[in-house]
Amino acid sequence: MIAGLSCICKTGYKALTTDKTSFTCQQCPTDKPAVTNDGFGCIRCPASLSDEGKCLCSQGSVLVERDINGNLLDEARCETCNGNGPAFSVPNSSGERCERCQASFINTSCMCNPPNVLGGGLCFPPGSLSTNVNPSVNFAQLKFSVQSAWFIKNLYSSSAACLVFSNLTACQALGNMCVMNMHSFSGVSTDACGLFNTIFRSRAALSSPQDISYWRVNLPWLYYGDEPGLASRVLQTDPVPIGFSFRGRNKNTEIKLIAAVYTVSGEFLRWENVGGGNLQLCPETVTQQAAAFSFGTAYQESCDLSVSELAQTYPEPLFYDVFMDFGEGENRKLLPLPTLVYNQQYNGRFINQESMKNWYLSRRMFLVDALSGREKSMNQPKVIRVASSIKIKFQLVPRTQEGQVFPPLMTVAYRDVLITDIKTQTVSTTFSVEYEMDQNEARIKTDTALGVMGGLAVLYSLLKTVSWKRRIASPLIDVETMLKFLLFYAGDLANVFFTVTVGTGLYWLIFYKAQQFVSVLLPLPAQEEQFVTYIGCAFALKAVQFLHKLILQLSVDVFFIDWERPRSKASRPVQATGEPKRDPSPVSIWRTYFVANEWNEIQSIRKISPTFQIMAVLFFLEVLGFSNLALRDPWPTLQRSPQAYTPSYSLTMRYGLTATLWLCIGLLQVIFFTVFHEHFVEDKIRQFVDLCSISNISVLLLSHRCFGYYIHGRSVHGHADTNMEELNNNLKRESESLCGQRGLLPNTEIQTFQVAFTNRLRSQYDRIREPISRRNGPSRLMDASTGNPFDQGIRAYHTMNHFLGSIIDHAHPDMDYIVKDKLMFERVIGMEFLEPSEKSIFYNDEAHSFSDVLFYGNEATLLIFDTLFFCVVDLGSQSFVLAAVLTYVQQMIFRLIRVTLGRKNLVNKTLVDERFLI
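Now for a look at the structure at hand. In this text, all values refer to a predicted model and were calculated from it rather than measured experimentally.

## Remarks on helix H1 (residues 149-165)
With 17 residues, H1 should cover 24 Å at 1.5 Å per step; its first-to-last C-alpha distance of 24 Å lies within 8% of that length. For H1, the principal kink sits at Leu-155 and spans about 35°. Every buried residue belonging to H1 is among Trp-150, Phe-151, Asn-154, Leu-155, Tyr-156, Ser-157, Ser-158, Ser-159, Ala-160, Ala-161 and Cys-162, and all of these are buried. Tucked inside the fold, the buried residues of H1 contact strand S11 (117-119), strand S12 (122-124), strand S13 (136-139), helix H2 (168-180) and helix H3 (192-202).

Written as structure tokens, this is what we have:
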């Protein structure tokens, strides 16, 4: 039969070879039934046969099948080894020859006679160590223990040989068994770690290798000690004696790690450079695996591995003592890496999953253990233990300017895999390298900035609330006032959060990517949670402000004052007398419809192109590769090789980069629009004001009860209903200054004003407008006795037109107004110091601030809202494309809402028929 790559004959058959390629088996004759150990001969046995059909000798004897010349004997002999002096010989492990017995046996013979104890091929004196050892391995995740065949065979002998004979290999083997038991302490002193610590304490009087108090002569270094707070002293006291630099002549980004490798039986194999897959189980390319040891590159690779392949690749575990290697030649030094084993228990507690003050640091680790979970009667292990997470963390020395770090910490988490179907089972594993710095100072600065700016936001919101109260002419502080304050505060606080978060993201982006000697390191993902919360707050509050402004814009009172008067009279016959009678010709409504259409069109215009904004941002991020600036590595390169390792994104830098890029492109668009486009191409706001003058129509906009905006559109020519020739002549006269100026006051050009009405004027406005309000309200509120609602509305429109026109013409002394300039401070804080108690006030407004009731005048709010929307979607999905699509959809939806509801508000407030709004 064929076994592996060789051929084996059945029991009782010897092998025959006729040439180099053929192989046959021949049955042994009955007088020589046994097969020799080499399988090529048949022989008689002096005693019994084994199950394999070979000769057996009694204990203490060796089997001899050939003479001194190598000739096969007719009958095998059993030669007894002389266990007495001076020979002191015993059969070797294969029973083929006699060899000198182990030194621990040699006293008077090679027999380990009572009361001596035989264990692992050694003879121990009585009382040296109790034979009652605990060979169980605890698999805490599975909540059971296994009586390990390896521990049963080797635990006592390794412990006794280490304690009695200081055998280096035995001490290493015992240490390995403690490592396989997760370095755990329990109330049982006879398990692997209990025996190790017993021997460790017994060596307290001896010197320590390398003057390390946690290390004992002939023992492996497994623990750092159990003093409270020791972990923080080890990890945060003495910096590593080298500095890291990202660029310049002293560039140093290479992390050199080296490991001492031991077999499970305690033999030292070799020194091995860490990298290239020895600690990384995932099968990545050499280039990608090497990126893990480039300082500053946040590395993480995860994969699912076959349990069957792991068991075949690692039938016995290898153990690693990892050191940081620095210096060359005589100056070369090795710094041990402290290890934190998540699975380590202390009296049943997972102490290394608690706070740092309870940590027990250790040394030595393994990748895969398919040995300790094997019971004696099993062909395959019952449990396999795999290092599912290996993490090396570097911590930067506070306020360092030379790239100094504390000793790195290696954290290992093992997973216990219960074998059910080994061929189909998989296990996840991760290898990562992290870099951390103390973020308390940065967090304090951020919180301080938020506190100070948040306090200023409270004052500014109070100022806005006071201004709002003045503009609605209400001195009472009620629930509506408190709600209004909260709405104002939401917008101002959103600006605070936005400013602080963008500044923070930009700070990390610039200082991390541009530094030479390492002085700052990025926040870890867990440390970014508070930052992401701030972004979420900014977005939520900005959304509240945006919706608040949108609702206000959709409820603005609008009225078009038509200054046109009949120019001639038409004749018509009177039926009773037959004499002609002259009636005034009606004033055309088309000019009003035309102005209303233009107002409807400019309600949703913006100072930027949303489509261009999104496409430009995507172009920079995805095509030019600006997104690579947000990767967790120190390299400010836009293009990366496909073969190179790509680290994860820093949410802080990704947000800072995206928000800054969005704002910069938006601001450039605003500058282009206001400086170039409006001056040389088209300025729709000023064009609307010009249209009002040509159409002989003024516009009154009331954003508050007693405050709003007035566009003076009264024609200097007196009439706008005219033919083309007269219209052109009028425009020519105006360009040649042959007529008056368009301003409200004589010899002025100012046509736009902010208006503050008296309470008396507003009350009269509401009384005239009441029929219009009833017309737009529910039908059950209408009074049928008052006539046709439409006719009422027409009468109310003409009454309002006449009333407002007479107000502008100073025809009502009790509701008169004055015109004045706003103080600089009033314009800055957005509040009027004078209250219009006796006379209304018209404030000159050359800045056309009536655009505040349009999207056009709220570009800052819209730009920040779009920025936050894009960033929030991107941070949640990690996809710039998805964020761009959803941002575009959001913009279109709100634009549609603004246009649709704005049109309805225009129809309701101005009596313009919706059918004439294009």
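Text resumes after the structure shown.
## A look at unusual backbone geometry
Phi at Ser-166 takes a positive value of approximately 55°, unusual for a residue other than glycine. With respect to the element layout, Ser-166 can be found in the loop between H1 and H2. Accessibility expressed as a relative area gives 28% for Ser-166, which makes it partly exposed. Within the chain, Asn-747 stands out as a residue other than glycine whose phi angle is a positive 60°. For Asn-747, the location among the structural elements is in the loop between helix H14 (724-735) and strand S31 (752-756).

## Remarks on H3
Most of H3 sits out of view: eight of its 11 residues are buried. Buried-residue contacts for H3 involve H1 and H2.

## Re the state of the cysteines
Using the criterion set out here, one finds eight disulfides in the structure. One disulfide in the model links Cys-57 with Cys-78; its S-S distance is 2.0 Å. On the S-S bond that ties Cys-57 to Cys-78, the torsion sits near -85°, and the link is left-handed. Of this pair, Cys-57 sits in the loop between strand S6 (42-43) and strand S7 (61-66) while Cys-78 sits in strand S8 (residues 72-80); the two residues are 21 residues apart in sequence, bridging distant segments of the chain. When its relative accessible area of 24% is taken as the criterion, Cys-57 is described as partly exposed. Look at Cys-78 and you get partly exposed, because its relative accessible area is 29%. With its sulfur 2.1 Å from that of its partner, Cys-178 forms a disulfide with Cys-193. One disulfide, between Cys-178 and Cys-193, carries an S-S torsion of 105° and so falls in the right-handed class. Highlighted residues: Cys-178 in helix H2 and Cys-193 in helix H3, separated in sequence by 15 residues.

## Structural notes on the packing of helix H11 (residues 610-623) against helix H19 (residues 880-910)
Close contact between H11 and H19 brings their axes to 10 Å; oriented N to C, the two are set at 175°. In terms of their interaxial angle, H11 and H19 are classed as roughly antiparallel. Contacts from Pro-610, Thr-611, Ile-614, Leu-618, Leu-621 and Glu-622 in H11 reach Phe-880, Val-881, Ala-884, Thr-887, Tyr-888 and Gln-891 in H19. Classifying every residue of the contact of H11 with H19 by side-chain character gives eight nonpolar, three polar and one charged.

## Structural notes on the packing of aromatic side chains
Scanning the model with the defined rule gives 56 aromatic pairs in all. With centroids separated by 6.0 Å and ring planes inclined at 75°, the aromatic side chains of Phe-246 and Tyr-512 adopt a geometry described as edge-to-face. Separated by 266 residues along the polypeptide, Phe-246 in the loop between helix H4 (230-235) and strand S15 (257-262) and Tyr-512 in helix H8 (residues 479-514) bring together distant segments of the chain. Residue classification places Phe-246 among the buried positions, given a relative accessible area of 1%. When its relative accessible area of 2% is taken as the criterion, Tyr-512 is described as buried. With a centroid separation of 6.1 Å and an interplanar angle of 70°, the aromatic rings of Phe-246 and Trp-635 are classed as edge-to-face. In this pair, Phe-246 is assigned in the loop between H4 and S15 and Trp-635 in the loop between H11 and helix H12 (651-680), connecting sequence segments 389 residues apart.

## A few points about the nonpolar core
Ranked by size, the top nonpolar core spans 140 residues in total, and within it Phe-295 and Tyr-655 carry the most contacts. If near-sequence neighbours (up to four positions away) are discounted, Tyr-655 is found in contact with Phe-498, Thr-501, Val-502, Phe-531, Ile-535, Leu-868, Cys-871 and Leu-875.

## Notes on the packing of helix H7 (residues 440-471) against H8
Interaxial distance between H7 and H8 falls to 8 Å at its minimum, and their mutual angle equals 150°. With respect to H8, the element H7 is oriented roughly antiparallel. Crossing handedness for the pair H7 and H8: right-handed. Taken together, the residues that form the contact of H7 with H8 break down as 17 nonpolar, seven polar and five charged.

Rules and cut-offs
Every chain is numbered on its own, with residues counted from 1 as its sequence reads. Reporting in this predicted model follows two pLDDT cut-offs: at least 70 for local features of residues, and 80 or more for side-chain atom pairs to be given and counted; totals over whole chains, interfaces and linings ignore these cut-offs and use all residues. Side-chain descriptors were evaluated using all non-hydrogen atoms of the structure, hydrogens and water having been removed beforehand. Every helix listed is a DSSP run of H or I at least four residues long, and every strand listed is a run of E at least two residues long, numbered separately from the N terminus. By this rule the span expected of a helix is its residue count minus one, scaled by 1.5 Å. The term bend refers to the angle at a residue between two fitted axes, each drawn through seven residues, those ending there and those starting there. Only protein chains enter the accessibility calculation, which uses a 1.4 Å probe. A residue is then buried if its area is under 20% of the maximum for its type, exposed if over 50%, and partly exposed in between. The contact definition used throughout considers only heavy atoms, calling two residues in contact when any of these lie within 4.5 Å. Defined by distance alone, a disulfide is two cysteine sulfur atoms within 2.5 Å. Interaxial angles span 0 to 180 degrees and are taken between N-to-C directions of axes, which are lines fitted to C-alpha atoms, for helices over the stretch in contact. Working rule for angles: under 35 degrees goes down as roughly parallel, over 145 as roughly antiparallel, 65 to 115 as roughly perpendicular, anything else as oblique. Each residue gets one label: Ala, Val, Leu, Ile, Met, Phe, Trp, Tyr, Cys and Pro are nonpolar, Asp, Glu, Lys and Arg are charged, and the others, such as Gly, are polar. Only rings of Phe, Tyr and Trp enter the pairing, Trp through its six-membered ring, and a pair is recorded when the two centres are within 6.5 Å. The plane angle decides the type: under 30 degrees is stacked, over 60 is edge-to-face, the rest tilted. Definition used in this section: a nonpolar core is a set of buried Ala, Val, Leu, Ile, Met, Phe, Trp, Tyr and Cys residues joined via side-chain atoms within 4.5 Å. Should the near helix be turned counterclockwise from the far one by less than a right angle, the crossing is left-handed, whereas a clockwise turn marks it as right-handed.

Any link to function would need more than the numbers given here.
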